[in-house]
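Summary of structural features
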Amino acid sequence: MIFAANFKMHHTRQSTAEYLDRLEALMEAAEYPFKVMVFPPATALQSSRDWITVGAQNAYPAKEGAYTGEIGLSQLEEFGIDTVLLGHSERRRILEESQEFIAEKFAFFAEQGLQIVYCVGEPLEVRQEGDEAVAEYLWEQFDGIDLDYERLIVAYEPVWAIGTGRAAKEEEIAATHAELRRRIKRPLLYGGSVNPLNIKAIAAIADVDGVLVGSASLDPESFHAMMSVVAPPQV
Ligand code: PGA
């Protein structure tokens, strides 16, 4: 099971370091069988810890160059960053990243051998049209993406469930993950209002191999609480 924390534009360099110290301390006693990732803002990138992989929320598909305001491979390498999140709906919608550009990023970072957490998700009006429309929409978000890339992790995050406190229903998650599983053999994460109260049920759904958590990951106690719900520490 994978637990990934997406800080978005929250936390600073200092508070991220404190967060990682605290989460590490909380995890220390438990020996969780989990893969844990934290995606802080670019200014807070730092080395991974023993049990916590630090990844980038975004990066430009070049080693370095004349790309004002961006960070590229050189800047990731300075911190040993080996994991990048791509295709998040906030970047697709707010930053207007096209599928073509996201696929270009994917190809570049896959070529460099990085682990890629690749996000897809439908807006509410598509969900309201039913499972078939959702499937069609999601597969279009895989245009130009190598589904067989061995370091691929996919995160299904319905746009209407992100930051709304309204996670998708268990049957919606199950049906969508089953659809994605037809062609994707790599881990499938669910994201969208995952919290300590709904994590147990979500983690139990077939084909859910982990979660990508925003709001409820910002406090290390809350993020850790989700882990201990799924695998209560043995005393
Ligand atoms: P949320 O965000 O947990 O706050 O809904 C999830 C995400 O956007 O990755």
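Residues numbered from 1 in each chain as written. Predicted model: local features only at pLDDT ≥ 70, side-chain atom pairs only at ≥ 80, totals over all residues. Heavy atoms only, no water.

**Details of the overall build of the protein**
Note the threshold: Where helices and strands are cited, they refer to DSSP runs of H or I of at least four residues and of E of at least two residues respectively, numbered from the N terminus. Using C-alpha atoms as the atom set, the radius of gyration is obtained and then compared with a globule rule of 2.2 Å times the number of residues to the power 0.38. Pairs of residues are marked as contacts when any of their non-hydrogen atoms sit within 4.5 Å. For every accessible area listed, the method is Shrake-Rupley and the probe measures 1.4 Å; residues are considered covered only by the protein chains on display. His is not counted here, nor are the chain ends, while Lys and Arg score as positive and Asp and Glu score as negative. Throughout, a charge is located at the NZ atom of Lys, the CZ atom of Arg, the CG atom of Asp or the CD atom of Glu.
Of the regular secondary structure elements, the protein holds nine helices and eight strands. For 235 residues, the compact-globule estimate of 2.2 N^0.38 gives 18 Å, and the protein sits close to it at 17 Å. Principal-axis analysis of the C-alpha atoms gives the protein an extent of 50 × 45 × 30 Å. For the protein, restricting intrachain contacts to residue pairs at least 6 apart in sequence, the fraction spanning at least 24 positions comes to 72%. Total accessible area computed for the protein in this model is approximately 11100 Å², and 49% of it derives from carbon and sulfur atoms. The average position of the 20 basic charges and that of the 37 acidic charges among the side chains of the protein differ by 2 Å.

**Observations concerning the pairing of strand β8 (residues 210–213)**
To keep things clear, this is the line we draw: The buried label applies to any residue whose accessible area, calculated with a 1.4 Å probe on protein chains only, is under 20% of its type's maximum; exposed applies above 50%, and partly exposed to all values in between. A pair of strands is treated as paired once DSSP finds two or more bridges between them.
Here β8 shows a buried face lined by Gly210 and Leu212 and a second buried face lined by Val211 and Val213. In terms of strand pairing, strand β1 (residues 2–6) meets β8 through four bridges, oriented parallel. Its bridge partner lying in β8, isoleucine 2 is registered against glycine 210. Pairing of strand β7 (residues 188–191) with β8 involves three bridges; the strand directions are parallel.

**A short note on the environment of phenylalanine 79**
Note that phenylalanine 79 resides in the loop between α2 (73–77) and β4 (83–86). Separated by 25 residues in the primary sequence, phenylalanine 79 and glutamate 104 place their C-alpha atoms 23 Å from one another. Apart from residues no more than four positions distant in its own chain, phenylalanine 79 is found in contact with Leu45, Gln46 and Ser47.

**So, the sheet that holds β1**
For the record, the criterion: Fitting a line to C-alpha atoms yields each axis, with helices limited to the stretch in contact; the angle taken between N-to-C directions then spans 0 to 180 degrees.
Spatially, β3-β2-β1-β8-β7-β6-β5-β4 is the arrangement adopted by the eight strands of the open sheet, whose pairing is parallel. In this open sheet, the two strands that pair with only one neighbour each are β3 (52–54) and β4. When the angles between neighbouring strand axes are averaged without regard to direction, this sheet yields 25°. When strand β6 (residues 152–156) meets β7, the two strands line up parallel, connected through three bridges. Paired with tyrosine 156 across the two strands is tyrosine 190, which belongs to β7. Together, β4, β5 (115–120) and β6 form the strand contacts of helix α4 (residues 99–111), whose direction differs from that of β5 by roughly 160°.

**Digging into the side chain of asparagine 198**
Positionally, asparagine 198 belongs in the loop between β7 and α8 (199–203). Residues in contact with asparagine 198, not counting those within four places in the same chain, are Ala167 and Ser193.

**Considerations on the site of the ligand**
The cut-off we apply is this: Proximity criterion: a residue is near a molecule or strand once any of its heavy atoms comes within 4 Å of it. Polar contacts, as used here, are pairs of N or O atoms within 3.5 Å; protein pairs need one atom able to donate a hydrogen and one able to accept it. Residues neighboring in sequence count only if both atoms are side-chain atoms. For this classification, Asp, Glu, Lys and Arg are treated as charged, while Ala, Val, Leu, Ile, Met, Phe, Trp, Tyr, Cys and Pro are nonpolar and the rest, including Gly, are polar.
Close contacts around the ligand come from 13 residues, with Lys8, His88, Glu157, Gly163 and Ser215 the closest. Within the backbone of serine 193, an N or O atom sits 2.8 Å from an oxygen atom of the ligand. Between the ligand and the protein, one listed contact pairs an oxygen atom with a backbone N or O atom of glycine 214 at 2.8 Å. Considering the ligand on its own, with 280 Å² of exposed area, one finds that the protein chains cover 99% of that surface. A per-class count over the shell around the ligand returns four nonpolar, seven polar and two charged.

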